[in-house]
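Residues per chain, in single letters:
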Amino acid sequence: MKTLTGQAWCRLKTAGSTVMLCSMLTLSACQPQLPEAVRSGLVYCSEGSPESFNPQLVTSGTTIDAISQQLYDRLLDIDAQTGELKPGLASNWQVSSDGKVYHFSLQSDVQFHHTEYFRPSRALNADDVVFTFNRIMQKQHPFHYQGGGNYPFFQSVDWAGLVANVSAEQPLLVRFELNRPDSSFLSNLATDFAAILSAEYGKQLLQSGQLQRIDSHPVGTGPFRFREYQKDVLIRYYRHNDYWREPAKPEQLVFDIVPNNARRMAKLFTHECDVVAFPRIAELELISKRADVDVQESTAMNIGFWAFNTAKAPFNQVKVRQALAMAINRDAILQAVYFGHATAANSVLPPTSWAYNANLEPLKYDPAQAKALLAEAGYPNGFSMDIWAMPVQRLYNPNALKMAELMQADLAQIGIRASVVSYEWNTFRRKLGDNEHDSVLIGWSADNADPDNFFRPLLSCSAAQTGSNRANWCDENFDRLISQALLTADQKQRRSYYMAAQQYLSEQMPLLSIAHSQRFQALNSQINGVQINPYGGIALAGASKEAK
Amino acid sequence: MILYLLRRVFLLAFVFIALSILAFSLGYLFPGDPLQNFTGLRTISAEQLPLLIAEYRMDQGYIQQYLGYLQRIISGDWGLSFASQQLLLVEIKMLLPATLELAAYALLISFFVGIPLGIIAAIKPDGVLSKAISALALTGYSLPIFWWALLLIMVFSLWLGWLPTAGRIGVLYEIPYQTGFMLIDILLAQSQYQQEALFNALRHLLLPTLVLATFPTTVMIRFTRDSMLEVWEQSYIKTARAKGLSRSQVLYRHGLRNALLPVTRQIGLQFSTLITLAMITEVIFSWPGIGRWLIDSIYQRNFPAIQSGLLIISTLVITVNMLTEVLHTLFNPLARKR
């Protein structure tokens, strides 16, 4: 019936383009049987290009989503539901009684990717683990300075100071020797950044003198193998057929790079994308009305905050920081910026964390008292300051510019003249790293379930040195609390340290915690087996497409 | 004729030299270190510096530097892109065919639709059909292309769901790069899903081509119509009619040939507009061509890419202009004598 009317229409019109149009329409009406690689292929529309194909070198969520869970495995994994550690490439592990020596037994017969540029001759063994971690720790390692010699996550947790030695005791037994006990060590091994590389591939690259290819032409043990990358266009992976776990369901996985939000949504509606990263919160209602699209949500481990450059006057005064924090109407922000899809934050830790301090007194919105505090600090007439608003949309802060404008109005009420500053994202981060800002609206997404992940990378002195401490805050008392928490494995004792640390933070106010946002993901309703991972990158190996 | 061609070639060479001087001076006019702008290297180490200064003749006068630049351009060493740190010439080779493909199809449509419609409109200038075609042409001529493109996407992609919104082919089809022209590459690729891929690529091609063809088609309609009407008034047409030739004979033998001559020339003149419009079309349909790349480069302050992008596009436009001019002269004995 459909084709008949189509043909009739075609006959009526003779102009060339209309004939073409008609044939296209009949084509779209009857889809031919497609080959497996296309039919079972999955398209994930991502919001940006990856910076590298090696998770050791990056912290950006975009890159981690695109590479970590698809190409690599880690020694340990995090259970997405419970947040507990579970075996990954290491089938089991032992800790010595003093907490300084860890032994990991590796899974046997784990195959690396067989690609156009590398043919593995052996399965995974302890040498690969040693190679992976020595690259990070040893400056004389041939690959250490490849890609700049920066390992941001590992530097923020002081990996080189913590791990004394990694060695292969037996082909499938790795020994980690630490300088001091550290209760976040295992959690850090389970993050997306601790991906295991192939030592044999490294050797091949050394021989051929193409060291830089280790980060651009990846070889891992993950469920997909690398096929091609066209910058700003797409990343193409194929299924790793010898995967040691259950093989991935899609034969092909393509990351279609679509930075424009509206265009990404349009591609979801036309079914050019199966899964879409970061739908705009403002559009969620519209999306969820469609029958062919599902929206998933999960409380993610993140925090959006307003950090003060505590090394600069007047932000070096606690009273000024408290006054600023009190002057902000956070309820209005939650409505206008997060559209109610976030919970107000009372601490940097989300309430779902086991170390969350529920006894903290909630911060009040009180412009009068804020003004009084300012006067006490010696600024009865206020002052001028900059609010840096990040130019990109992130889960923890979907619209920093709008938030900054709201805060601008709030601050005006207590006599502070705030101007909003923004730069292109790379420049923005570089200038932040140089601490050129007065205050900044930014945030953090956790990489694992350990509370330490919210403290050390954000507010420790070592983070202030590497430039990732946005408050530029280095406080001995705070540092002592969080490092003591790491020395013990007893959870009760650790909790008490973290409770105290949170209490101390709310008094010192180096940053104002604003909100813990929910993470959203929109996908074609024919896709099964994709879940949001609250602790890191998305995993797409279990995704399958079937008509409901 | 040979003298004419020589004159053209000479003019072309002169224009190229002027262009390359402009491109060269951009290396200095752009902000930042000229050496970085020329090499495309983001960071230059202390060991590299003296070698590069010698290679790029930065220690010599501007004229020497320019000659070195010219040599590099001719030998294919166009420097690196700031953004990707890949060879610019390689990137351009990957992208240019996509733009040419799009522009070529749009131009073809404008021929095969525009010229016949223009002739029809000229046959009975006061008829309803002629009026309708003229009205259509005027509408198409004044449509802002980005609005028109978005409208088509709204209707055919989002509302009806018939056509894809972006790209050259469904991303799940892997077509290895050979010529860069998608349809040819699909035919060359020995893949199992050749036919499906071809249809998929055609569906992707439809909307951008339609959008890009709109403007040149309307120009072609108006131009053909005016040119036909003018020729129709000539005394030799009246003579031919008076001698008893039929209407269609006159139209074909005497009218069309003479009326289409200025139309060939029009192609060359329209080409630069076409390329500009292709850039907008590429941005809207995420078409991975040179126009989108150039606009991205401007956003990213990718100076080496802007430099070579300008050079390649202006060279292209001027060459096409020149070629149509030569063609026009070949077909037109009057112009040859001049």
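Residues numbered from 1 in each chain as written. Chains lettered and ligands numbered in written order. Predicted model: local features only at pLDDT ≥ 70, side-chain atom pairs only at ≥ 80, totals over all residues.

### A word on the sheet that holds strand 5 (residues 101–106) of chain A
Backbone-to-backbone hydrogen bonds join strands into a sheet, with any given pair of strands oriented parallel or antiparallel. Residues and elements named next belong to chain A. Read across the open sheet, the 4 strands follow the order 4-5-7-6; overall the sheet is antiparallel. Either end of the sheet is taken by a strand with one partner, and the two such strands are strand 4 (90–95) and strand 6 (163–170). Across the sheet, the mean angle separating the axes of adjacent strands is 20° when strand polarity is ignored. As defined by bridge partners, strand 6 adjoins strand 7 (residues 173–178) across 6 bridges and the pair is classed as antiparallel. Bridging across to strand 7, V166 finds its partner in F176. (Pairing = 2+ DSSP bridges. Helix = DSSP H or I, 4+ residues; strand = E, 2+ residues; numbered from the N terminus. Axes fitted to C-alpha atoms, helices over the stretch in contact; angles between N-to-C directions.)

### Side note on the environment of I186 of chain B
Residues and elements named next belong to chain B. Mapped onto the secondary structure, I186 falls in helix 8 (residues 182–188). Given 23 C-beta atoms within a 10 Å radius, I186 is considered buried. Separated by 82 residues in the primary sequence, I186 and A104 place their C-alpha atoms 18 Å from one another. Aside from chain neighbours lying at most four places away, what touches I186 is I175, Q194, A197, L198 and A201. (Buried ≥ 20, exposed ≤ 12 C-beta atoms within 10 Å, placed from the backbone. Contact = placed C-beta atoms within 7 Å.)

### Quick notes on the packing of helix 7 (residues 145–159) of chain B against helix 11 (residues 247–284) of chain B
Residues and elements named next belong to chain B. Contact geometry for helix 7 and helix 11: axes closest at 10 Å, N-to-C directions at 35°. Read as a crossing pair, helix 7 and helix 11 show a hand that is right-handed. Within the contact between the two elements, helix 7 uses I145, F146, A149 and L150 and helix 11 uses L277, I280, T281 and I284. The residue makeup of the contact of helix 7 with helix 11, split by class, is 7 nonpolar, 1 polar and no charged. (Left-handed = near helix turned anticlockwise from the far one by under 90°. Nonpolar A, V, L, I, M, F, W, Y, C, P; charged D, E, K, R; others polar.)

### Structural notes on helix 4 (residues 61–71) of chain A
Because each turn of an α-helix spans 3.6 residues, side chains separated by three or four positions end up pointing in the same direction. The buried count for helix 4 of chain A comes to 11 of 11 residues, which makes it a mostly enclosed element. Among the residues of helix 4 of chain A, G61, T62, T63, I64, D65, A66, I67, S68, Q69, Q70 and L71 of chain A are the ones counted as buried.

### Quick look at the environment of L234 of chain A
With respect to the secondary-structure elements, L234 of chain A resides in strand 9 (residues 234–239). Judged by the 21 C-beta atoms lying within 10 Å of it, L234 of chain A is buried. Once the C-alpha coordinates of L234 of chain A and Y201 of chain A are considered, the two residues, 33 residues apart in sequence, prove to be 24 Å apart. Each residue touching L234 of chain A, except ones within four places of it in the same chain, is listed here: V254, F255, D256 and I257 of chain A together with V171 of chain B.

### What to know about the pairing of strand 9 of chain A
Regular strands have side chains that alternate between both faces of the sheet. All names here are of chain A. Most of strand 9 sits inside the fold, with 6 of its 6 residues counted as buried. Pairing analysis gives 6 bridges linking strand 8 (residues 224–230) to strand 9, with the strands arranged antiparallel. If you follow Q230 over to strand 9, its bridge partner there is L234. Between strand 8 and strand 9, which pair antiparallel one after the other, the connecting turn spans 3 residues, and D232 there sits at a positive phi close to 65°. Examined bridge by bridge, strand 9 and strand 10 (residues 252–257) share 5 bridges and lie antiparallel to one another. Residue pairing across strands places L234 opposite D256, the latter belonging to strand 10.

### Things to note about the confidence of the model for chain B
Residue and element names in this part refer to chain B. Here chain B shows a mean pLDDT of 85. Residues at 70 or above account for 99%. Of all the helices and strands in chain B, helix 14 (residues 333–337) carries the lowest mean pLDDT, 67, while helix 7 carries the highest, 90. For this predicted complex, the interface score ipTM comes out at 0.79, while the overall pTM is 0.79. (pLDDT = per-residue confidence, 0-100.)

### Let's talk about unusual backbone geometry
All names here are of chain A. Along the chain, A313 connects to P314 via a cis peptide bond; the corresponding omega equals 0°. Position of P314 relative to the elements: it lies in the loop between strand 13 (302–308) and helix 13 (318–326). Of note, the phi angle at D232 is positive, near 65°, even though the residue is not glycine. Mapped onto the elements, D232 comes out in the loop between strand 8 and strand 9.

### Points about the packing of helix 18 (residues 452–459) of chain A against helix 20 (residues 476–487) of chain A
Residue and element names in this part refer to chain A. One way to put it is that helix 18 packs onto helix 20 with a least axis distance of 11 Å and a crossing angle of 140°. Classified by the angle their axes make, helix 18 and helix 20 are oblique. Relative to helix 20, helix 18 is oriented so that their crossing is left-handed. Contact residues: D452, F455, R456 and L459 in helix 18; F478, I482 and L486 in helix 20. (Parallel < 35°, antiparallel > 145°, perpendicular 65-115°, else oblique.)

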